[in-house]
Amino acid sequence: MDYSQPARRRARALRRLLGASLQAPVWRGGTSIHGYWWDGHENFGDAMTPWLLPRYGIVPVHREPARARFVGVGSILEFLPADFDGVVWGSGLMHEAPRALPAATFLAVRGQLTRELVGNPPGCALGDPGLLVARHRRRPAARWELGIAAHGHHRDDPHLRGLAAAQPGRVRLIDVNRSIPQVVDEIAACSAIVATSLHGLITADAFGIPAAWTVWEPALPGGEFKFRDYESVVSPGSSRRFALGPDMRVDEMVRQAVQVSATAVADCVTSLESATHELWSIARSTARFPTSTVRQVLDRG
């Protein structure tokens, strides 16, 4: 789908607004705020920001980085102007290079590596907000022994498709270029996950599902940095990266999957929810839902 057409962008934003308005925290005392997240194509990881925040009473209205008052989930800090003076909520860097944002307020960043590269802001929570998804989605019964959460660049790879096609009742190739409920429910219905998608890995960790990650061709922008950044929080000092060979059997892939510390995940969830409540307070101090939220969506540039 072409996401660049203004009419389609507005229609998508209005659908999100309608969905947000159905969330009890929004109609009980919600607030709106201009924010930036990657919205260039359909992908469940990039959609975490507008899906999660209404569940905490925040309706985000998409704006380009220079007009945003906060920045959300994803490897998007490089997109911000150097004088950005809004809020960072769980974002990360794409590349392992210093990025000075001296005027920003850091409530949370994805990992320790990002925190160091932006100058170690004090009082900053660590963790990807995607870990909050299990707070708002019930885990279904297991259907597949192994789920392959392939990045959008890899979903049509013939080898990965062949693994799933050979054992359809046992292995599921998960298409991450769909809605959050669809993707999350399929990941949560697997007993183990192998991912080339970072948020495939994060979603597995949110539900306590053993998981591992691997690199695949074509290489992703930024390489392995975002995975190492995330793992610096949930499994510091160790990694679940493995090399997926063309002859590796499903049993071997399942054995690579490891469950991270439930305590580490729970600590992240607690600190991320605290950061989210703080974001609500900041948004509430400047705009109250619904104000002119619908008009803001329609006027979106």
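Our structure's up above, just so we're on the same page.
Being a predicted model, the structure only gives us computed values, none of them experimental. (Residues numbered from 1 in each chain as written. Predicted model: local features only at pLDDT ≥ 70, side-chain atom pairs only at ≥ 80, totals over all residues. Heavy atoms only, no water.)

Colleague: Whenever I open this one, helix 6 (residues 180-188) confuses me. Can you help?
Modeller: Turning to helix 6, its buried residues are I180, V183, V184, E186, I187 and A188. Summarising the contacts, the buried residues of helix 6 are in contact with helix 3 (48-52), strand 9 (171-175), strand 10 (193-195) and helix 7 (198-206). (Buried < 20%, exposed > 50% of the residue type's maximum accessible area, 1.4 Å probe, protein only. Helix = DSSP H or I, 4+ residues; strand = E, 2+ residues; numbered from the N terminus. Contact = heavy atoms within 4.5 Å.)

Colleague: Explain the packing of helix 7 against helix 8 (residues 225-234) to me, please; I cannot follow it from the model alone.
Modeller: The packing of two helices is summarised by the inter-axis angle and the distance between the axes. It is the contact of helix 7 with helix 8, at a shortest axis distance of 10 Å, that shows an interaxial angle of 15 degrees. In terms of axis orientation, helix 7 runs roughly parallel to helix 8. For the crossing formed where helix 7 meets helix 8, the hand is right-handed. Residues L198, L201, I202 and D205 of helix 7 pack against K226, F227, Y230 and V234 of helix 8. Of the residues assigned to the contact of helix 7 with helix 8, the class counts are six nonpolar, no polar and two charged. (Axes fitted to C-alpha atoms, helices over the stretch in contact; angles between N-to-C directions. Parallel < 35°, antiparallel > 145°, perpendicular 65-115°, else oblique. Left-handed = near helix turned anticlockwise from the far one by under 90°. Nonpolar A, V, L, I, M, F, W, Y, C, P; charged D, E, K, R; others polar.)

Colleague: Is there a simple way to think about the side chain of D46 in this case?
Modeller: The residue D46 is located in the loop between strand 1 (31-36) and helix 3 in this model. Buried charge without a salt bridge: D46, with K226 as the nearest opposite-charge side chain at an N-O distance of 7.6 Å. Not counting residues within four places of it along the chain, the set of residues in contact with D46 comprises W37, W38 and H41. (Lys, Arg positive; Asp, Glu negative; His and termini not counted. Salt bridge = Lys/Arg side-chain N within 4 Å of Asp/Glu carboxyl O.)

Colleague: Please explain the state of the cysteines as it appears in this structure.
Modeller: Here a disulfide denotes one covalent bond, and it connects the sulfur atoms of two cysteines. All told, the structure shown has zero disulfides when counted by the stated rule. Cysteine C124 is unpaired, with the sulfur of C268 as its nearest cysteine sulfur at 12 Å. Since its relative accessible area comes to 7%, C124 is described here as buried. (Disulfide = S-S within 2.5 Å.)

Colleague: What is the right way to look at the environment of T105 in this model?
Modeller: The residue T105 is located in strand 6 (residues 105-109) in this model. By relative accessible area, T105 is classed as partly exposed at 36%. It is 9.0 Å that separates the C-alpha atoms of T105 and C124, two residues lying 19 residues apart in sequence. Apart from the residues within four sequence positions on either side, T105 is in contact with G86, V87 and V88.

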